[in-house]
Amino acid sequence: MTQRGTPRSGYQTNWSNTNNENIALPLKVGVGRAHAHHGEFLQGVFEGDDGRLYRGLVTLPLTSQESLATFWPDERDGIRTRPANRTKAARAAALTLEHIGIAGGGGELTIESPILIGHGYGSSTADVIASIRAVAAAAGVTLRQSTVARLAVTAEGASDAIAYSDQALLFAHREGRAIEHFGGEFPPLLVVGFRDGSGRPIDTLRMRRARYDSEEIGVFRVLRGLAYRSIKQQDPRLLGRVATMSALISQRHLPKASFSAVLDIARDHDACGVQVAHSGTLIGILLDAVAPGAAKRAAELAKKVGGVGFKGIHTFAVNAEARIIQ
Amino acid sequence: MTAGVDYLRAYETPRFAQLAPNLTAACFSLMKLMPARFMVDRAEASGRLEREGHIIETTSGTFGLAIALLAAVRGYGLTLVTASSLVDLKLKRRLEHLGAKVVAIDDPQGDGNQRGRLQYLQKTLQDNPDTYWPRQYDSPENRLAYARLADLVVRSLGRVDCLVGCVGTGGSLCGTGGFLREIFPDLRIIAVDTHRSMLFGQPVGRRMLRGLGNSVLPDNVRHEMIDDIHWVGALPAYAMAHGLFRDQGLFMGPTSGAAALVAAWFARKNPEASTLVIMPDEGHRHSDTAYNPEWLANLKDWPISIPGEPTSLERIRPAGETAWTRFPWNRQTLGSVLAEFDGSLREDR
Ligand SMILES: Cc1ncc(COP(=O)(O)O)c(C=O)c1O
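Residues numbered from 1 in each chain as written. Chains lettered and ligands numbered in written order. Predicted model: local features only at pLDDT ≥ 70, side-chain atom pairs only at ≥ 80, totals over all residues. Heavy atoms only, no water.

Selection rule: UniProt positions are given in the numbering used here, feature names are shortened, and annotations may be inferred rather than shown by experiment.
Under an unreviewed UniProt entry, the name given to chain B is Cysteine synthase A, and the source organism is Mesorhizobium tianshanense. Database annotation for chain B, UniProt heading Cofactor (unreviewed entry): "pyridoxal 5'-phosphate".

Under the annotation held in an unreviewed UniProt entry, chain A carries the name Threonine kinase and is attributed to Mesorhizobium tianshanense.

Details of the overall build of chain A
To be explicit about the condition: Under the scheme used here, helices are H or I runs from DSSP no shorter than 4 residues and strands are E runs no shorter than 2 residues, and both carry numbers assigned from the N terminus. Burial classes: relative accessible area under 20% of the type maximum marks a residue as buried, over 50% as exposed, and values in between as partly exposed (1.4 Å probe, protein chains only). Any two residues having at least one pair of non-hydrogen atoms within 4.5 Å are treated as being in contact. Exposure was quantified through the Shrake-Rupley algorithm and a 1.4 Å probe, taking into account, for residues, occlusion by the shown protein chains and nothing else.
Check the secondary structure of chain A and you find seven helices and 12 strands. Here chain A, with 326 residues, has 55% of them falling under the buried criterion. Taking as baseline every contact in chain A between residues at least 6 positions apart, the subset at least 24 positions apart corresponds to 72%. Per element, the accessible surface of chain A, about 14,400 Å² overall, is 47% carbon and sulfur.

Some details on the sheet that holds strand β5 (residues 101-105) of chain B
Residues and elements named next belong to chain B. So the rule is basically this: Pairs of strands are assigned from DSSP output, requiring at least two bridges between the strands. Comment: axis = line fitted to C-alpha atoms, over the contacting stretch for helices; angle = value between 0 and 180 degrees taken between N-to-C directions.
Pairing is parallel in the open sheet, where three strands are placed in the order β3-β4-β5. One side of each edge strand has no neighbouring strand; the edge strands of this open sheet are β3 (54-58) and β5. The average angle at which neighbouring strand axes cross in this sheet is 20 degrees, direction not considered. Two strands pair when backbone bridges link them, and β3 and strand β4 (residues 77-83) are joined in this way by five bridges, in the parallel orientation. Across the sheet, residue His-54 finds its bridge partner in β4, namely Gly-77. Helix α5 (residues 114-127) contacts β3, β4 and β5 of the sheet and is inclined by roughly 165 degrees relative to β3.

Some points on the side chain of Ser-123 of chain A
Residue and element names in this part refer to chain A. By the secondary structure assignment, Ser-123 is in helix α2 (residues 123-138). Residue Ser-123 is classed as buried on the basis of its relative accessible area, which comes to 8%. Not counting chain neighbours up to four residues away, the residues in contact with Ser-123 comprise Ile-115, Leu-116, Ile-117 and Gly-118.

Section: the domain arrangement of chain B
Residue and element names in this part refer to chain B. Note the threshold: Delimitation of the domains relies on an automatic or database domain assignment. Buried area: the accessible area, evaluated with a 1.4 Å probe, that two parts lose upon being put together, summed over both parts.
The domain architecture assigned to chain B consists of domain 1 (7-31 + 139-338) and domain 2 (51-129). The C-alpha centroid of domain 2 is placed 25 Å from the C-alpha centroid of domain 1. Taken together, the contact between domain 1 and domain 2 spans nine residues of the former and 12 residues of the latter. Between domain 1 and domain 2, a total of about 780 Å² is buried, with carbon and sulfur atoms accounting for 68% of that surface.

A few points about the interface of chain B and chain A
As a reminder of what qualifies: Here a salt bridge means any side-chain nitrogen of Lys or Arg lying within 4 Å of a carboxyl oxygen belonging to Asp or Glu.
Listed by partner, the interface residues are 18 residues for chain B and 19 residues for chain A. Carbon and sulfur atoms supply 61% of the area that chain B and chain A bury against each other, a total of about 1,600 Å² over both sides. Considering only the surface of chain B that becomes buried against chain A, Arg-155, Glu-182 and Ile-183 of chain B emerge as the three largest contributors, covering 40% of it. Between the two partners, chain B and chain A, sit three salt bridges.

Section: the site of the ligand
Residue and element names in this part refer to chain B. Test applied: If even one non-hydrogen atom of a residue comes within 4 Å of a molecule or strand, that residue is called near it. Here a polar contact means two N or O atoms within 3.5 Å. Within protein one must be a hydrogen donor candidate and the other an acceptor candidate, and residues neighboring in sequence count only if both atoms are side-chain atoms.
The ligand sits among 15 residues. The nearest are Lys-32, Cys-166, Gly-168, Thr-169 and Thr-255. Between the ligand and the protein, one listed contact pairs an oxygen atom with a side-chain N or O atom of Lys-32 at 2.5 Å. At a separation of 2.8 Å, an oxygen atom of the ligand approaches a polar side-chain atom of Ser-172. When the ligand is considered free in solution it has 390 Å² of accessible area, and contact with the protein chains removes 96% of it.

The following block contains the structure:
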């Protein structure tokens, strides 16, 4: 990270809690991080506790790529970003200041991120969440994950579950809250990820929302149950089945030209399943990370998908200790 | 959502009982609450059922009870159309306590007079077009409601290899089976019917075991999903229900006995297959009959011991109330199975 400008240490501002009592609070330089994801294990429509239907998803975390945000508080009004015009991140930072109770605070927000835009890696949400965390760190406040998620959705309209890091949950991405906490970690997986060759970058917020029929909504309910089971039993096969079914339904709404070819490859290599970015171009083949020879099999798979012309091939682990052969 | 609705949601939720290492039963107190609540929820959401509106259905059984509970809790009027031969006085009293109007249509033939009941229902709908008719026989919602059961099943069991259940409207077996098979394509589905029900190609006649089987064909029976069909007579169903109570403490109705008989046999023969059986109701409603020793003593051929295996049929034909028969259906349509027998079923009549 390059040091740009000296933050004023000891800079005083007002902290107001819910009772509007003003407490002096020093803002310092704050750093926040948030990782990328590789699309979803599951995305659809699900019943909430109130009996209503909500759009929701189970995010597949990709922890090796992070957005890094640094907040430099100053006495000028408003949030300025570097690179310029990161309006969602700026809005998220301003909302966070407001939430913490710092009226009229401002500062510079720098965002450094290697995450590719527009393929379903969640680059925009990662920037937004890193920014929220940076501002919270600047104020010395630790925010609840649910608060981070809610602020993120307010800032960008829809968000993924990255505020919850690698926790397994079903997340209402337009409301910014959990529909169901699965109460555990994902089963151990190796993911051979790549991009659908036909895919152009996609503007997720411009995308038409999928209209699911009653039958599909019923299937989503069962897939949610199966996701719960796979996490409880740490069973990668069941989660693979969830992902494949969700991807198959996604094919009816945002088809990926190469999907059936990928399914065949996955089957030939005895994979657990295939997942996709439901609003992106990513595809991932899921392998049981604790099966004998998993890393070797992942390497073979990566070679195979490279051989048939897929781009951006990248193998990563989810909740697994396996050494990855890239 | 009111507290009453929450309670009914809990009431519709089955308990799981492990009958053998590879055999689990989903035990319902009142299974029909699951489709009834789903249908009423959807009718409310879509505006087909307005506040303080009226519901009508032809039923003499547990679907009527389920709808009556919902109508009472949510403030709807309800008319249930049944036949004079089918009226169960105790159930009628319960329905009337819930505020339902029970109309019994004359039934000189004693076959349930489904045509007469539908005529009455159609006339009522014409005169009161705002009335909501759930249509449990033919509405796909009857099947869709069982996504909830499939969800509960995979949460408790994970993978399922075989599903066994009774068929009346077909909603529970074809609904649950359809959702489970989406996820586990190799799922085997075994249907349980009773002799002289027309659902799987038998000639209709007097049936002793009620709740499953039918003398008309509902759209919700999806024959092409069914791998095997079993017909269980009343006596083995009663004997098995008694066995479930004695050996497992499960006080279930006779149709649950029929389903458990078939499921236990399949699970014994296929120890590697994870098998699930659906049990639709409890024994209380049958305490004067199937659980009443005096009533049972008057039955021809009672007592019988629980049979160990079914008789395999080469041609579909009815049998006595002590019999248990089976036929490999192989996911065919009813038409193609009937064509295979080239009208020979008719000669059996
Ligand atoms: C009490 C009861 N209700 C309902 C049914 C039939 O269920 P469905 O109408 O879903 O086929 C049975 C089947 O045996 C039953 O015993």
